[in-house]
Amino acid sequence: MKVRDHLNAYCRTFNERMLEGAVALFSEHALFEMPLLGQRLFGTAEISAGLRRIFEVTERAEIRLTHFQENDRVVIAEGSMTAKLQRDDGVVQFPLAITLSAEDTGISRLSIYLDARPYRLWVDGPIFATSTSSN
Amino acid sequence: MSKTYTPGQALRTYCSAYERRAEHEFSDLFADNAIFDLPLHDGRIIGRQGILDEIRTALIGLKNIKVVLDHVLESESQAFAEGVFYAEHVGIPPHVDGTPMRVDFKFVAILAVEHGKVVRWSEYFDTKPLKPRERTHLYPISRLSPYWDGTVAAGVSEFMVYNHMYFPLVYHHSPAEEYVALTERVCLWDVGCERQTELRGPDAVRFADYLTTRSLAKLQVGDCKYTLACDPQGEIICDPVLLHPWQNVIWLSHGDADLTLWARGIALHVGFDVEVCEPDVAPLQIQGPRSVHMLRDLVGPQVEGLGFYKCQPMRVAGIDAVISRTGWSGGLGYEIFPLSSERAMDLWNALVEAGRPHGLMVTGPNVFRAIEKGVTDTAYYSNSGMNPYEAGHARLVDLDKGDFIGRSALSKIASEGPSRSTIGLLVEGDLPLLEWYWPITDDNGRSGEVRWAVHSFQRGQNIAIAVADAALQQGDKVYIHHSKGTSEARVTTVPFA
């Protein structure tokens, strides 16, 4: 599976709010960076908790990528995210870039680059998985 | 012939030039109609010159820059890169523990090249960790400026309490951005805390003459004067700008001192026919070389005829005000004194809108430029016991004008000569945050104290203003003793610029 395929699969599962499907794309000790979550998340348990939180605070959220550059280890893409938060009346849209690295066992790193400052209240709740959480 | 670049070459040239702060190396990198899109800016910058101006400003405000590219993916016309940017701010004092103020972030940069020139440069990174999350906490015992909503919308984050009112000082810009805006464009300052001590009545001018140190014998309606109010010991209380906007009315537009209480108390016990009050007049300052163009658009051509240290009643956006050609930038600028705060935000909004085509930036008063120009403030004299001769203000004392408060003490000081003087200091190396005045010494046992210190963007080094032993001469070496050790400095004159 090429890195680009991993990225497309992630976007598809994210846009369709498929928590388990999205988490299954990551390797066990993957790194997930999403500024709107406030912290870097390590491992599938934390990534699962983070994605669950995103799905809780949004009615819908969709990533659309428009340009890509890749080699056999990494893909960098740019595009935008459109989201409707539960708490807000309107829809927000903002530009973003994504860097994804993969290994045989799945996505090893997914870093999302965007300016979270205008949207700093996305995460007003716990996002870290506890030791007893499941994926 | 102009140099051309592949996307990868352009990317590496940009990063390398940034690290070396080599401003000239950016000059042929961008196409004339290039787009520059960074989250730190309010919007896209379109056009080569605007991009170069922005890069120049950024380089003024950063040092010890390092750019690490982790991944570079390149095609014939585009490069995508992921990396980390490291730098230290210039002009922001370090944290209290001495560690520098850093601006470090991970980013993705995407650029497109056509005919060997960059036509688009976009960066993606999170500015949230780079800027304060919210303004400092406030306490209701101090007043809010009538422009409060405007300053909050402009992103104010820090205040000082000044004349019992919150004074917005720090916004979400770097000091370099604010310095460039002031020296090349125009800035709007909320100085609503700069209160007016109004003297009204047939003896208004005579009473002002008694309260302050300069002669007002030749004062005409429409004149302004920079003057001093001293106590009976000759020590400076504050250094107001005196305005005479109408017959029988004087405004002493003053810094952080209870001047109205002082004046009212004196008026109760002397025989002048005058009423003393603090009117609801909250000024704004429009400072910078574009200020006259901006105000001409809003007020009309009469503003161009307003002479230095002159004032005149005018209407600004339909609001009655007095405009004076005064201010705290040491350069071209104006102060607007609306006659009421009822429509304060209408005035603010009209000024912001009128300033938009001129690149107006809402900032606090710029202490960097003020110190370069030797423009001090009441805060310079406070807690110092300083008299006008020590402050370098002998020209502001007219001992022959007749009786005034402090005259006897000042006559004695003038005849004996002051024991201290105000000096400029050119400082070697970095300085910590100035939280209280730093003592200075020299090899001959002479001493003094640094009262203001900043980075000078014009000189590219730290500068300070001190009150010190009057025997210190230009070129003498002194030692500044601060919380992080000792720094060497050379004595120079004030102003620096």
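About the cut-offs
- Each chain carries its own residue numbering, running from 1 in the written order of its sequence.
- Chain letters and ligand numbers both follow the written order, the letters beginning at A and the numbers at 1.
- Local features in a predicted model are, by the rule used here, given only for residues with pLDDT of at least 70; side-chain atom pairs are given and counted only at 80 or more, and totals for whole chains, interfaces and linings are based on all residues.
- Strands are runs of DSSP state E lasting at least 2 residues, helices are runs of H or I lasting at least 4, and numbering of each runs from the N terminus.
- Our exposure labels follow a C-beta count within 10 Å of each residue's own C-beta, placed from the backbone: buried means 20 or more other C-beta atoms, exposed means 12 or fewer, and partly exposed covers the counts in between.
- C-beta atoms are first placed from the backbone for all residues, and any pair lying within 7 Å is then listed as a contact.
- One less than the residue count of a helix, multiplied by 1.5 Å, gives the span that helix is expected to have.
- Polar here means any residue outside two lists: the nonpolar Ala, Val, Leu, Ile, Met, Phe, Trp, Tyr, Cys and Pro, and the charged Asp, Glu, Lys and Arg; Gly therefore counts as polar.
- Only strands joined by at least two bridges in the DSSP assignment are considered to pair.
- Lines fitted to C-alpha atoms define the axes, with helix axes restricted to the stretch in contact, and inter-axis angles between N-to-C directions lie between 0 and 180 degrees.
- Throughout, the arc means that of the directions going from the helix axis to the C-beta atoms.
- The domain limits used here are those given by an automatic or database domain assignment.
- Angles below 35 degrees are treated as roughly parallel, those above 145 as roughly antiparallel, those between 65 and 115 as roughly perpendicular, and all remaining angles as oblique.
- Two helices cross in a left-handed way if the nearer one is turned anticlockwise from the farther one by less than a right angle. They cross in a right-handed way if the turn is clockwise.

## Regarding the overall build of chain A
What chain A contains, in helices and strands, is three helices and six strands. Seen in sequence order, chain A has helices and strands lined up from the N terminus as α-α-β-β-α-β-β-β-β. When burial is assessed residue by residue, chain A has 36% of its 135 residues classed as buried. Taking contacts inside chain A between residues at least 6 apart in sequence as the whole, the part at least 24 apart equals 54%.

## Description of helix 2 (residues 48-60) of chain B
Residue and element names in this part refer to chain B. For helix 2, with 13 residues, the first-to-last C-alpha span of 18 Å sits near the 18 Å given by 1.5 Å per residue. Of the residues making up helix 2, those classed as buried are Arg48, Ile51, Ile55, Ala58, Leu59 and Ile60. Contact partners of the buried residues in helix 2: strand 1 (30-37), strand 2 (45-46), strand 3 (62-74) and helix 4 (175-184).

## Digging into the interface of chain B and chain A
Put simply, an interface is often sized by how much accessible area is lost when its parts join up. With 17 residues of chain B at the contact, the number on the chain A side is 17 residues. Among the elements of the structure, strand 3, strand 4 (78-89) and strand 5 (105-114) of chain B are those that each provide at least two residues to the side of chain B that touches chain A. For the side of chain B that touches chain A, the class distribution of residues is eight nonpolar, four polar and five charged.

## Re the sheet that holds strand 3 of chain B
Residue and element names in this part refer to chain B. Here six strands make up an open sheet; going across it, the order is 2-1-6-5-4-3 and the pairing mixed. The open sheet has two free edges, formed respectively by strand 2 and strand 3, since each of these has just one partner strand. In terms of strand pairing, strand 1 meets strand 6 (residues 117-124) through four bridges, oriented parallel. Within strand 6, the position partnered with Ile35 by the bridge is Arg120. The strands touched by helix 2 within the sheet are strand 1, strand 2 and strand 3, with strand 1 carrying the most contacts at an inclination of about 55°.

## Let's talk about the sheet that holds strand 4 (residues 74-85) of chain A
The strands that make up a sheet pair up through hydrogen bonds in the backbone, lying either parallel or antiparallel. Residues and elements named next belong to chain A. If you trace the six strands from one edge of the open sheet to the other, you get 2-1-6-5-4-3, paired in mixed fashion. Strands with a single pairing partner mark the edges of an open sheet, and in this sheet they are strand 2 (40-42) and strand 3 (58-70). Each strand of the sheet is rotated relative to its neighbour by a mean of 20°, with strand direction disregarded. Pairing of strand 5 (residues 91-103) with strand 6 (residues 106-113) involves seven bridges; the strand directions are antiparallel. Bridging across to strand 6, Ile98 finds its partner in Ile112. Each of strand 3, strand 4, strand 5 and strand 6 touches helix 1 (residues 3-15); the most contacted strand, strand 3, lies at about 165° to it. Set on the sheet, helix 3 (residues 43-57) makes contact with strand 1 (26-33), strand 2, strand 3 and strand 4; between it and strand 1 the angle comes to about 50°.

## So, helix 1 of chain A
Residues and elements named next belong to chain A. In a regular helix each residue adds 1.5 Å, so 13 residues correspond to 18 Å; helix 1 covers 18 Å between its end C-alpha atoms and thus fits that length. Of the residues making up helix 1, those classed as buried are Val3, His6, Leu7, Tyr10, Cys11 and Phe14. Projected down its long axis, helix 1 shows its buried positions confined to an angular sector of 130°, all on one face. Buried residues in helix 1 make contact with helix 2 (19-23), strand 3, strand 4, strand 5 and strand 6. Taken from the residues just after helix 1, Arg17 is the one with a positive phi, measuring 60°.

## As for the domain arrangement of chain B
Each assigned domain of chain B is listed here: domain 1 (7-130), domain 2 (148-194 + 281-369), domain 3 (196-277) and domain 4 (419-497). Distance between the C-alpha centres of domain 1 of chain B and domain 3 of chain B: 52 Å.

## Focus: unusual backbone geometry
Residues and elements named next belong to chain B. For the bond from Val494 to Pro495, the omega torsion is 5°, close enough to zero to count as cis. Phi at Asn64 is positive, roughly 50°, even though this residue is not glycine. Secondary-structure assignment places Asn64 in strand 3. Of note, Asn383 is a non-glycine position whose phi angle comes to about 60°, a positive value. You can see Asn383 is positioned in the loop between helix 10 (378-381) and helix 11 (407-416). On the neighbour-count criterion, Asn383 (9 C-beta atoms within 10 Å) is exposed.

## So, the pairing of strand 20 (residues 333-338) of chain B
Residues and elements named next belong to chain B. For strand 20, the buried fraction is high: six of the six residues fall into the buried class. Judged from the four bridges that link them, strand 19 (residues 319-324) and strand 20 form a sheet pairing that is antiparallel. Bridging across to strand 20, Ile323 finds its partner in Ile336.

## As for the packing of helix 7 (residues 291-299) of chain B against helix 8 (residues 344-355) of chain B
Residues and elements named next belong to chain B. Across the interface, helix 7 lies against helix 8 with an axial gap of 9 Å and an inter-helix angle of 120°. Taken as axis vectors, helix 7 and helix 8 run oblique relative to one another. The handedness of the crossing between helix 7 and helix 8 is right-handed. Packed against helix 7, whose contacting residues are Met294, Asp297 and Leu298, the element helix 8 presents Ala350, Ala354 and Gly355 at the interface. Grouping the amino acids of the contact of helix 7 with helix 8 by side-chain chemistry returns four nonpolar, one polar and one charged.

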